[in-house]
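Here are the chains, one letter per residue:
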Amino acid sequence: MSPAVIRVLRPAGIAVAALLAVLLAAAVAVYTWPLDAGRLHPAGQRLSYPEARARIAEKVAAERADPGILPECRSLALVHEDRPAAASVLMLHGFTDCPVQFAELARVFHERGYNVYVPLAPRHGYPNRDALTQLRAPDLAGYASDALDVTAALGTEAGVIGLSGGGMLATRLTTERPDDVRRLLTISPFYRPAPAQAAPATIRPLVVLYGFGVLPDHVDDKNMSYRALAQYIRLAETMDTGRAGGNLASIAVVTSANDDLIDMGRAASVPRAIAEARGLPLVTHEFPDASGLGHDPVDPNDVGAARDDVYRLYLALYQGRSA
């Protein structure tokens, strides 16, 4: 090889080596980035019954004062005024949805004697999804913890029901506040997207690059913000499912065979790890293909004519009874 050719190739080789070094450093940064940094573990607060009612009134008033929030999406509280409820339940709606999703199921539980709280999640409740681009994991963690503070003050024992992203938050509350959650029912829990939606190897890059703003937000053809989605996944990835002890008495998970949005393996393994750590049986139910039910088997518009049977099923599972 002539000296002239060597002089040409040497800079090119250095450039390639430098590029590889940059890519390697970027990969190392992505996979060592601390996902658990920041305000992801807010401490619970003990409230009196009047304080809890005041918190609810303040939240609803703030939502009424925001003309952008849809009226049907405001936080919902169904509380027995004439007598203290034996138990209270917190219902956490799904990502991109709002409390109307749980309105009918909340009434079913209220009629059975429960005090029910269905709070609106941060940056939700608007007719478009633009506000979701500003959603942050610490805000979600704080919202769920504050909601449990309120719910715990409304009854002698508190439990949590959550759907999709709300199911993840409900699960996380069980791991973060083991002494405060007595029962857990998680429905179509979103711990990770289905592998067909996002391969497992892409999860951490998604959380780091979009969740921490390394890359500008991407909004897909369904008006879904990658940055907002990454906040939920980040909270799911930082749960301590092996934590023992606490007051949990029952744990149940519901999935649908038609659900192509969530990682079904994680939907089973995460609650199972919690159940095993607490020495509890995991009660499970899967709606078959023939049911026609998909990712949202709670909203009455999605459940349809089977609503009464489905809601009775949820009541039984929440109470620790098999279907």
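Computed from a predicted model, the values in this text were never measured in an experiment.

1. Thoughts on the overall build of the chain
- Within the chain, the regular secondary structure consists of 10 helices and seven strands.
- With 323 residues in all, the chain has 48% of them scored as buried.
- Residue pairs in contact within the chain that sit at least 24 positions apart in sequence constitute 78% of those at least 6 positions apart.

2. Quick notes on the sheet that holds strand 4 (residues 158-163)
- The strand order 1-3-2-4-5-6-7 describes an open sheet built from seven strands, whose pairing is mixed. If you trace the sheet from one side to the other, it starts and ends with strand 1 (76-78) and strand 7 (282-287), each paired once. Averaged over all pairs of adjacent strands, the angle between strand axes in this sheet comes to 10°, irrespective of strand direction.
- Where strand 2 (residues 88-92) and strand 3 (residues 115-118) come together, three bridges link them in parallel fashion. Bridge assignment links S88 to a residue of strand 3, and that residue is N115.
- Against the sheet, helix 10 (residues 307-318) makes contact with strand 2, strand 4, strand 5 (183-187), strand 6 (250-256) and strand 7, and its axis sits at roughly 165° relative to strand 7, the strand it touches most.

3. A word on the pairing of strand 7
- Sheet topology places strand 6 next to strand 7; six bridges connect them, and they run parallel. Its bridge partner lying in strand 7, V254 is registered against H285.
- Since strand 6 and strand 7 lie parallel, the crossover through helix 8 (residues 264-278) that links them has a hand, and here it is right-handed.

4. Examining helix 5 (residues 165-176)
- Taking 1.5 Å as the rise per residue, helix 5 with 12 residues should run 16 Å; its terminal C-alpha atoms sit 16 Å apart, in good agreement.
- Buried residues dominate helix 5, accounting for 11 of its 12 residues.
- Looking at helix 5, one finds that the buried residues are G165, G166, G167, M168, L169, A170, T171, R172, L173, T174 and T175.
- The secondary structure elements touched by the buried residues of helix 5 are strand 2, helix 4 (137-152), strand 4, strand 5, helix 7 (226-237) and helix 8.

5. Remarks on the packing of helix 6 (residues 200-211) against helix 7
- Axis separation between helix 6 and helix 7 bottoms out at 8 Å; the angle between their running directions is 125°. Taken together, helix 6 and helix 7 sit at an angle that is classed as oblique. Handedness of the helix 6/helix 7 crossing: left-handed. Judged by residue contacts, I203, L206, V207, Y210 and G211 of helix 6 engage Y226, R227, A230, Q231, I233, R234 and E237 from helix 7.
- Split into classes, the residues belonging to the contact of helix 6 with helix 7 amount to seven nonpolar, two polar and three charged.

6. A closer look at the pattern of salt bridges
- All told, the structure shown has 14 salt bridges when counted by the stated rule.
- Two residues, R107 and E104, come together in a salt bridge whose shortest N-O distance is 3.2 Å. In this pair, R107 and E104 both sit in helix 3 (residues 103-111), three residues apart, roughly one turn of the helix.
- Linked through salt bridges whose partners overlap, the residues forming this network are R46, D149, R177 and D180.

7. Structural notes on the packing of aromatic side chains
- All chains considered together, the criterion is met by eight aromatic pairs.
- Taken together, a centroid distance of 4.9 Å and an interplanar angle of 50° make the contact between F95 and Y232 tilted. Of this pair, F95 sits in the loop between strand 2 and helix 3 while Y232 sits in helix 7, placing them 137 residues apart in sequence. Per residue, the accessibility class of F95 equals that of Y232, and both read buried.
- Note on Y210 and Y226: the rings are 5.2 Å apart at their centroids and 80° apart in plane angle, and the pair reads as edge-to-face. Taken together, the residues Y210 in helix 6 and Y226 in helix 7 connect sequence positions 16 residues apart.
- Overall, Y210 belongs to the buried group, its relative accessible area being 18%.
- The class for Y226 is partly exposed, based on a relative accessible area of 26%.
- An aromatic cluster is present here, built from F109, Y114 and Y318 joined pairwise through their rings.

Scoring rules and cut-offs
- Residues numbered from 1 in each chain as written.
- Predicted model: local features only at pLDDT ≥ 70, side-chain atom pairs only at ≥ 80, totals over all residues.
- Heavy atoms only, no water.
- Helix = DSSP H or I, 4+ residues; strand = E, 2+ residues; numbered from the N terminus.
- Buried < 20%, exposed > 50% of the residue type's maximum accessible area, 1.4 Å probe, protein only.
- Contact = heavy atoms within 4.5 Å.
- Pairing = 2+ DSSP bridges.
- Axes fitted to C-alpha atoms, helices over the stretch in contact; angles between N-to-C directions.
- Right-handed = clockwise from strand over helix to strand, strands pointing away.
- Expected span 1.5 Å × (residues − 1).
- Parallel < 35°, antiparallel > 145°, perpendicular 65-115°, else oblique.
- Left-handed = near helix turned anticlockwise from the far one by under 90°.
- Nonpolar A, V, L, I, M, F, W, Y, C, P; charged D, E, K, R; others polar.
- Salt bridge = Lys/Arg side-chain N within 4 Å of Asp/Glu carboxyl O.
- Phe/Tyr/Trp six-rings, centres within 6.5 Å; stacked < 30°, edge-to-face > 60°.

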